[in-house]
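Working through the structure, step by step
Here are the chains, one letter per residue:
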Amino acid sequence: MALFLSAARNAWHYKYWQRQTAGYLRTYEKNNKLPNNEMVGYVINDKHPKSVRVACDRYMWVMRYKKAFRYTKKIWAHDEQSECRLGDVVRVQPLGYRVGPWKTYVLCRVLHREPRDDAVALRGSDERNLLLARRVETEQEERLPDPHPPRIDAIGGSAPPAVEAMTPPSA
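Report follows, based on the coordinates.

What counts and how
- Residues numbered from 1 in each chain as written.
- Predicted model: local features only at pLDDT ≥ 70, side-chain atom pairs only at ≥ 80, totals over all residues.
- Heavy atoms only, no water.
- Helix = DSSP H or I, 4+ residues; strand = E, 2+ residues; numbered from the N terminus.
- Contact = heavy atoms within 4.5 Å.
- Areas by Shrake-Rupley, 256 points an atom, 1.4 Å probe, with all protein chains shown as cover.
- Phe/Tyr/Trp six-rings, centres within 6.5 Å; stacked < 30°, edge-to-face > 60°.
- Buried < 20%, exposed > 50% of the residue type's maximum accessible area, 1.4 Å probe, protein only.
- Pairing = 2+ DSSP bridges.
- Polar contact = N/O pair within 3.5 Å; in protein donor to acceptor, adjacent residues only side chain to side chain.
- Core = buried A, V, L, I, M, F, W, Y, C linked by side-chain atoms within 4.5 Å.
- Axes fitted to C-alpha atoms, helices over the stretch in contact; angles between N-to-C directions.
- Patch = residues over 30% accessible without salt bridge, like charges linked within 9 Å, V, L, I, M, F, W, Y side chains within 5 Å.
- Salt bridge = Lys/Arg side-chain N within 4 Å of Asp/Glu carboxyl O.

So, the overall build of the chain
Helix and strand counts for the chain stand at three helices and five strands. For the chain, long-range pairs separated by at least 24 residues make up 57% of all intrachain contacts whose partners lie at least 6 apart in sequence. Total accessible area computed for the chain in this model is approximately 12,800 Å², and 56% of it derives from carbon and sulfur atoms.

Spelled out as C-alpha cells, the structure:
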C-alpha cells in the first residue's frame, strides 16, 4: 500500500511499464493484427495541450541470436479531448498528413487507464492545470460565506453601526 502513495508512484517511468507488460504485448501483437498500421503504446509525456508522446513497442525475432528484441518508437499523437494521462495504454493510427512539425498520428482510443492515487488526476499541460486551479478557486469562493456581510438598511443603504454597542451599560 505504501508504494501506491509514495514518491516512487509519482515518478513513473515508461521502462517500468515495458518490463511489466513485455510478455503480454508480444502475445497480443502476435494474435491480434491491427489494421491500417495502427500501433499500441503507452503515454510517456502529456505536458502539451492536445498532444501526447507515445512509446510504441515492436518485438522482432532475430534469427542470428535466436531471441526476440524490443524496438521502441516514440511518436507524437494528437489527443483532441486531452483524455490521456501519463502511463495510459493507447491505440494510435497514422493521420496520413502532419499536424504541426511533429505530430503524424492520432489517438484512436484509450485501452487501459493507469490507476491513480487522487480522484482528479491532473494532466501535465500547464493550460489544463491552470484552468482546473481557477475552477477550484471559484468553487471555494462560492462555498465560503463572507465573514463580514454588509448590513442593508430598510431604505437600501448601509446601516450605521449599532449605537447600543458603543454606549456603556447604565447601572
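So, next bit.
Regarding the packing of aromatic side chains
One pass over the full model with this rule turns up one aromatic pair. Ring geometry for Tyr65 and Phe69: centres 6.1 Å apart, planes at 75 degrees, overall edge-to-face. For Phe69, a relative accessible area of 30% corresponds to the partly exposed category.

Let's talk about the pairing of strand β4 (residues 89-99)
Pairing analysis gives four bridges linking strand β1 (residues 39-48) to β4, with the strands arranged antiparallel. The residue bridging Val40 from the neighbouring strand is Arg91, located in β4. In this antiparallel pair of consecutive strands, β4 and strand β5 (residues 103-112), the connection spans three residues, and Gly100 shows a positive phi of 80 degrees.

Section: the environment of Val90
As for its placement among the helices and strands, Val90 is situated in strand β4. Each C-alpha atom of the pair Val90 and Arg113 lies 8.7 Å from the other, and the pair is 23 residues apart in sequence. Apart from residues no more than four positions distant in its own chain, Val90 is found in contact with Met39, Val40, Gly41, Val43, Val54, Cys84, Leu107, Arg109, Val110 and Leu111.

Topic: the side chain of Asp88
Following the sequence through the fold, Asp88 ends up in the loop between β3 (67-78) and β4. Of note is the side chain of Asp88, whose polar atom sits 2.9 Å from the backbone nitrogen of Arg85.

Remarks on the nonpolar core
Within the largest apolar cluster, 13 residues are counted, with the highest numbers of intra-cluster contacts made by Val54, Ile75, Cys84, Val90 and Val92. Secondary structure elements with two or more residues in this core: β1, β2 (51-62), β3, β4 and β5. When residues no more than four places from it in sequence are discounted, the contact partners of Ile75 are Met39, Val52, Arg53, Val54, Cys56, Val92 and Tyr105.

What about the sheet that holds β3?
Backbone hydrogen bonds hold the strands of a sheet together, and the pairing may be parallel or antiparallel. The sheet built from five strands closes into a barrel, its strands ordered β1-β2-β3-β5-β4 with mixed pairing. Ignoring strand direction, the axes of neighbouring strands in this sheet form an average angle of 45 degrees. As paired strands, β4 and β5 are joined by seven bridges and run antiparallel to one another. Across the sheet, the residue bridging to Pro94 is Tyr105, located in β5.

Some remarks on a nonpolar patch on the surface
A contiguous nonpolar surface patch, about 400 Å² in accessible area, is contributed by Met60, Tyr65, Phe69 and Tyr71. Looking at the secondary structure, you find Phe69 in strand β3.

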